[in-house]
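# Analysis of the macromolecular model
Here is what each chain is made of, one letter per residue.
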Amino acid sequence: MRSFGFHRFLVAAAAASSLLVGISTGAFADAWPSRTIKLIVPFPAGGAADTIARIYSEKLSEALKQPVVVENKAGAGTAIAAETVAAADPDGYTLSLAPAGQLTILPHVNTAIKFDPFKSFAPVSPLASVPYVLAASPDAPVSSVKDLVAAAKKEPGKFTYSSCGPGTLCHLSGELFKSLTGTDLLHVPFKGSAPAVNALLGNQVNLAFDTLTVLAPQIRDGKVKGLAVTSRERSPLLPNVPTAAEAGVADFVVDSWFGLVVPAATPAPIVERLNAEVIRIGKLPDVRERLEAQGLSVTTSTPEAFAQLIRTDYERWGRVVDTAGAKLN
């Protein structure tokens, strides 16, 4: 009987402990936020990522009744920002704008990073995405994907393409195109999109793979040739540029998405509140208009669906990295 009584005591104690933890977590979440929240962006001010962060931070500030301040932490291929967020307290006061490459490519190409894309963060929701564009220089002897594939197969290694850096989505988009078309293109990496596009404008390289945001103005102005967009539908910003599928490369689909994540172990009620606000904000007409003007599309979802997107893209780009041998160390 004494043993049975002691067992009941342990059960009751465990239940009480669980209740207290639940009450503590719930109370903490109810009190959140009570001060300024930081939104870490892994790029300098300006550009697509910074634009997304500032649009959502403005609306989150209004909804949460506390300032949501954008903090730009560029460097190390977005690793500095990711490591900062991974090491932050999981209290809902540090958020991260995570680009696709940070969570799905960087872990494959850089073994020195100090974060795990699955264990270090709790996904909240995607925020926006932008397709890539394959463009040719003004003097390139090709005007379509069909021309390019035929010419590249005739002279392997002759055609060059610039990227915004080794191991980036710009680089691996080119490697994916090569594997899908059976072509041999020479990769020429640069430190960022600006010098990569300048090399294209100056005919120093034949091709470039970069976002619609970066290349659309150059294509519209007739400074470079748009060969294909990597979305499933044509972009309103480039209605005369075919999709990769229309151009004959059906599986060449590349979306550069940007999502919101928080440190792992952030209380579930906070993650749920952030998710609800992000989805609501993404439906606002002015938010959609501001993003679409930059070639960006709103792409929100549940945390679970976002986690699956990260896993799927991680595995997909891992295969591309292995095929290309793209390693930074």
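Residues numbered from 1 in each chain as written. Predicted model: local features only at pLDDT ≥ 70, side-chain atom pairs only at ≥ 80, totals over all residues. Heavy atoms only, no water.

What follows concerns the overall build of the protein chain. Within the protein chain, the secondary structure is distributed over 12 helices and 10 strands. Sequence-distant contacts in the protein chain: of pairs separated by 6 or more residues, those separated by 24 or more amount to 78%. Approximately 14900 Å² of the protein chain is accessible, and the part contributed by carbon and sulfur atoms is 55%. Charge-centre separation for the protein chain: the mean point of 30 positive side chains lies 3 Å from the mean point of 29 negative side chains. (Helix = DSSP H or I, 4+ residues; strand = E, 2+ residues; numbered from the N terminus. Contact = heavy atoms within 4.5 Å. Areas by Shrake-Rupley, 256 points an atom, 1.4 Å probe, with all protein chains shown as cover. Lys, Arg positive; Asp, Glu negative; His and termini not counted. Charge placed at Lys NZ, Arg CZ, Asp CG, Glu CD.)

Considering only enclosed or pocket space, the largest pocket measures out at about 970 Å³ in volume. Lining the largest pocket are 41 residues, with Phe43, Thr78, Cys164, Thr168 and Ser193 sitting closest to its centre. Among the secondary structure elements, those contributing two or more residues to the lining of the largest pocket are helix H2 (47-64), helix H4 (100-104), helix H5 (106-109), helix H7 (169-181), helix H8 (193-201), strand S7 (207-211), helix H9 (212-220) and strand S9 (255-263). Residue classes in the lining of the largest pocket are distributed as 22 nonpolar, 16 polar and 3 charged. Here the second largest pocket is characterised by a volume of approximately 390 Å³. Around the second largest pocket, the lining comprises 18 residues; the ones closest to its centre are Pro131, Ser231, Glu233, Arg234 and Ser297. For the lining of the second largest pocket, the leading source of residues is strand S4 (residues 121-136), giving 3 residues. In terms of residue class, the lining of the second largest pocket is built from 7 nonpolar, 6 polar and 5 charged. (1 Å grid on protein atoms, 1.4 Å probe; cavity = no way out; pocket = protein on both sides within 12 Å on 5 of 7 lines; lining within 4 Å. Points joined across faces, edges and corners; volume = space filled by probe spheres on them. Nonpolar A, V, L, I, M, F, W, Y, C, P; charged D, E, K, R; others polar.)

This part is about the pairing of strand S5 (residues 160-163). Neither face of S5 is left uncovered, since the one carrying Thr160 and Ser162 and the one carrying Tyr161 and Ser163 both have all their residues buried. Looking at chain direction, S5 and strand S6 (residues 186-189) are connected through 4 bridges and run parallel. Note that in S6 the partner of Tyr161 across the bridge is His187. What joins S5 to S6 is H7, and the crossover it makes is right-handed. (Buried < 20%, exposed > 50% of the residue type's maximum accessible area, 1.4 Å probe, protein only. Pairing = 2+ DSSP bridges. Right-handed = clockwise from strand over helix to strand, strands pointing away.)

Before going further, it helps to spend a moment on the environment of Thr36. Take Thr36: it is sitting in the loop between helix H1 (2-31) and strand S1 (37-41). Thr36 gets classed as partly exposed once you look at its relative accessible area, which sits at 36%. Considered as a pair, Thr36 and Ser61 are 25 residues apart in the sequence and their alpha carbons are 9.0 Å apart. Once you skip the residues sitting within four places of it in the chain, Thr36 turns out to touch Gln66, Pro67, Val69 and Tyr93.

Tracing the sequence through the fold places Lys59 in helix H2. Measuring from C-alpha to C-alpha, the distance between Lys59 and Arg280 comes to 9.8 Å, with 221 residues separating the pair along the chain. Apart from residues no more than four positions distant in its own chain, Lys59 is found in contact with Arg280, Ile281, Leu284, Asp286 and Val287.

Remark: a regular strand shows side chains that alternate across the two faces of the sheet. Most of S1 sits inside the fold, with 4 of its 5 residues counted as buried. Relative to strand S2 (residues 68-72), S1 is paired through 5 bridges, and the arrangement is parallel. From the neighbouring strand, Ile40 faces S2, where its bridge partner is Glu71. In this fold, the crossover linking S1 to S2 by way of H2 has right-handed handedness. Note that S1 and strand S3 (residues 94-99) share 3 bridges and pair parallel. Each bridged residue has a counterpart across the sheet, and for Leu39 the counterpart in S3 is Leu95.

So, about the state of the cysteines. Throughout the structure, instances matching the rule amount to 1 disulfide. Disulfide partner of Cys164: Cys170, at an S-S distance of 2.2 Å. For the disulfide bridge between Cys164 and Cys170, the dihedral angle about the S-S bond is near 95°, and by the sign convention the bridge is right-handed. In this structure Cys164 comes out as buried when scored by relative accessible area, which is 19%. (Disulfide = S-S within 2.5 Å.)

Here we come to unusual backbone geometry. Cis peptide bonds are those with omega within 30 degrees of zero, and the linkage from Trp32 to Pro33 qualifies with -5°. One non-glycine residue, Asn203, adopts positive backbone phi at about 60°. You can see Asn203 is positioned in the loop between H8 and S7. One non-glycine residue, Ala265, lies in the positive phi region at around 75°. By the secondary structure assignment, Ala265 is in the loop between S9 and helix H10 (268-282). By relative accessible area, which is 65% here, Ala265 ends up exposed.

Moving on: H7. With 13 residues, H7 extends 18 Å between its outermost C-alpha atoms, agreeing within 8% with the 18 Å of an ideal straight helix rising 1.5 Å per residue. A large share of H7 lies buried, amounting to 11 of its 13 residues. Within the span of H7, buried status applies to Leu169, Cys170, His171, Leu172, Ser173, Gly174, Glu175, Leu176, Phe177, Lys178 and Thr181. (Expected span 1.5 Å × (residues − 1).)

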